[in-house]
Amino acid sequence: MTRYSAWSLLRAGLSGQRTWTPAWRDAKPKKRYQAVIIGGGGHGLATAYYLASKHGLRDIAVLERGWIGGGNTGRNTTVIRSNYFFPESTRFYDFSLSLYEGLSRELNYNVMFSRRGMWSFAHDRHGIEMLRRSVNAMRLNGADAEYHEGEEVFRRIPGLSRSGRFPILAGLLQPRGGTARHDAVAWGYARAADALGVDIIQNCDVTGFDIREGRIRGVETSLGDIVVDRVGLAVAGHSSVMAARAGFRLPIVSYALQAFVSEPMKPVLDTVVLAPSTGTYLSQSDKGEIVVGSALDLFPSYAQRGSLPVLEQTAAGLIDLFPHFSRVRLLRQWAGIVDVVQDSTPILGESPVKGLYLNCGWGTGGFKAIPGGGFCFAHNIATGEAHPLVAAFSLDRFRTGALIDEAAASGIAH
Ligand SMILES: Cc1cc2nc3c(=O)[nH]c(=O)nc-3n(C[C@H](O)[C@H](O)[C@H](O)COP(=O)(O)OP(=O)(O)OC[C@H]3O[C@@H](n4cnc5c(N)ncnc54)[C@H](O)[C@@H]3O)c2cc1C
């Protein structure tokens, strides 16, 4: 792997940009692998990277039916945070956040992690109680959180409206929260995994499984069959589809989640802002676009497209927070299919089929979990044991009833 550095940039610049080599090989599938990861999103690629770098497995393939990062990883609004309620969640997401903090250096690839802080607001007395409770829980669980009231919130976020439909009474700030460049996360992991010998195979649709006596023996793909006895499934919104092909059901419902960006502007917003009243949240990208996220579509669907009603509702929420954006033009709108679990906690670990492991149920918040999810999933696939950080996230909790109900506790709606 060519190491990227200031010197390599200078050398390439002086030679007319002719010295760059492809960031990863265009690998063709082999007949047999030690381990296969299905899904070339952030989670699949990170898993392959940590399998190779931390566990020494090199004979691995990532099978992606489209292009890497073309799923939710390349469609999300890039918010990174660990503002959860239960210790299990905060511990895991905070670990993931800490991996993000050193990721550019680890991968030798600039993922543009920007620790710009994230705010969420309270609009009434009940909201204030919720914020205070969240701040206390986060601090007790080791995450950073600050509670601010009234004027202090407006002082810190210039342009925030004082006369919106939902008054802003207080805010929870997580200073270590922020954003990263989503494509760069996928590309950085892909490049580093490839350098360790991982085959990244695009345009390879996994169409079925070879399962005998309850154990995985191989996968069937549009590029031929592969013999393998360790398979990681990291296909986000298509987890239920793949589980059905393997003969079991998952407690997942898939919905479209929409987002849009404005035309680029000069820097006007230096933090991430979420208004629970409308579900609207926003940040400004490095290119200057205002990136705005919506709440989930109200009905299950596999249609990856935006819709006018959601756009109108989200834009109304945006203008309510920042009236001066009312004359900004929109550039693009899109959607991704997210896999929502009833308790809004992911599913990581064993499936009913031996040797087939699950990484799914991230819902609307799995981008921030990519480093942590990949790290723990790799541990699971390599050792056969769940990593202690995610042991509570097993599918088995739907049998035992030990749910981690973040949907109720931290007030996240999905
Ligand atoms: C609009 C939107 C905004 C979001 N905002 C945020 C945010 O701000 N912060 C945050 O933390 N999270 C956010 N998320 C959620 C986050 O994007 C996802 O949880 C995360 O990207 C999931 O990563 P993944 O690698 O599991 O899935 P994906 O990136 O979707 O990768 C799965 C891959 O599997 C492939 N695949 C599917 N079926 C097959 C098959 N049969 N064979 C081979 N390959 C297959 C797909 O093509 C896809 O590339 C958002 C999501 C959306 C849609």
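If you're wondering where the values come from, they're calculated on a predicted model, not measured in any experiment.

A.B. asks: Report on the packing of aromatic side chains, specifying residues and quantitative values.
C.D. replies: With the rule as written, the count across this model stands at 15 aromatic pairs. Ring geometry for Y84 versus Y93: centroids 4.3 Å apart, planes at 10 degrees, classification stacked. Each member of the pair, Y84 together with Y93, is buried. Ring geometry for F322 against F325: centres 5.4 Å apart, planes inclined by 40 degrees, an arrangement best described as tilted. Here F322 falls in the buried class, since its relative accessible area comes to 1%. The class of F325 is buried, set by a relative accessible area of 5%. Taken together through their ring pairs, the aromatic side chains of Y49, Y50, F95, Y189 and F375 make up a single cluster.

A.B. asks: Tell me about the pattern of salt bridges, residues and numbers included.
C.D. replies: Taken as a whole and judged by the stated rule, the model has 23 salt bridges. When the shortest N-O distance is used, the salt bridge between R132 and E149 registers 3.3 Å. Linking R132 in helix α5 (residues 125–140) with E149 in strand β5 (residues 146–149), this pair joins segments that are 17 residues apart in sequence. Among the residues examined, R132 registers a relative accessible area of 37% and is labelled partly exposed. With a shortest N-O distance of 3.2 Å, E263 and R329 are connected by a salt bridge. One end of the pair, E263, is in the loop between β13 (252–262) and β14 (272–275); the other, R329, is in the loop between α9 (308–321) and β17 (330–341), and 66 residues separate them in sequence. Three or more residues are tied together by salt bridges with common partners; here these are D94, E101, R115, D144 and R176.

A.B. asks: Let's hear about the site of the ligand: which residues, and what values?
C.D. replies: The ligand sits among 38 residues. The nearest are E64, N72, T73, T77 and K368. A distance of 2.9 Å separates a nitrogen atom of the ligand from a polar backbone atom of V79. Contact with the protein chains hides 96% of the accessible area of the ligand, taken as 1000 Å² for the molecule alone. Elements represented by at least two residues in the shell around the ligand include exactly α2 (42–55), α8 (239–246), β13 and β17. No other element matches the three residues that β13 contributes to the shell around the ligand.

A.B. asks: I'd like a description of the sheet that holds strand β9 (residues 206–212), backed by residues and values.
C.D. replies: Spatial ordering of the open sheet is given by β9-β10-β11, a layout of three strands whose pairing is antiparallel. Each end of this open sheet is capped by a strand with a single partner; those strands are β9 and β11 (224–227). Each neighbouring strand pair of the sheet contributes to a mean axis angle of 25 degrees, computed without reference to strand direction.

A.B. asks: Outline the state of the cysteines, supporting the account with residue identities and numerical values.
C.D. replies: As enumerated under the stated definition, the model contains zero disulfides in all. The closest cysteine sulfur to the non-disulfide-bonded C360 is located on C376, 15 Å from its own sulfur. You can call C360 buried: its relative accessible area is 2%.

A.B. asks: Help me get a handle on the sheet that holds β5, residues and values and all.
C.D. replies: The eight strands are arranged β5-β6-β4-β14-β15-β16-β13-β17 in an open sheet whose pairing can be described as mixed. Unpaired on one side and paired on the other, β5 and β17 mark the two borders of the sheet. Within the sheet, the average angular offset between the axes of one strand and its neighbour, ignoring direction, is 25 degrees. Sheet topology note: the strand β4 (residues 118–122)/strand β6 (residues 170–174) ladder contains five bridges and is antiparallel. The partner of F121 across the bridge, within β6, is G171. Sitting on the sheet, α5 touches β4, β5 and β6, and the angle it makes with β6 is about 20 degrees.

Conventions we followed
Residues numbered from 1 in each chain as written. Predicted model: local features only at pLDDT ≥ 70, side-chain atom pairs only at ≥ 80, totals over all residues. Heavy atoms only, no water. Phe/Tyr/Trp six-rings, centres within 6.5 Å; stacked < 30°, edge-to-face > 60°. Buried < 20%, exposed > 50% of the residue type's maximum accessible area, 1.4 Å probe, protein only. Salt bridge = Lys/Arg side-chain N within 4 Å of Asp/Glu carboxyl O. Helix = DSSP H or I, 4+ residues; strand = E, 2+ residues; numbered from the N terminus. Near = heavy atom within 4 Å. Polar contact = N/O pair within 3.5 Å; in protein donor to acceptor, adjacent residues only side chain to side chain. Areas by Shrake-Rupley, 256 points an atom, 1.4 Å probe, with all protein chains shown as cover. Pairing = 2+ DSSP bridges. Axes fitted to C-alpha atoms, helices over the stretch in contact; angles between N-to-C directions. Disulfide = S-S within 2.5 Å. Contact = heavy atoms within 4.5 Å.

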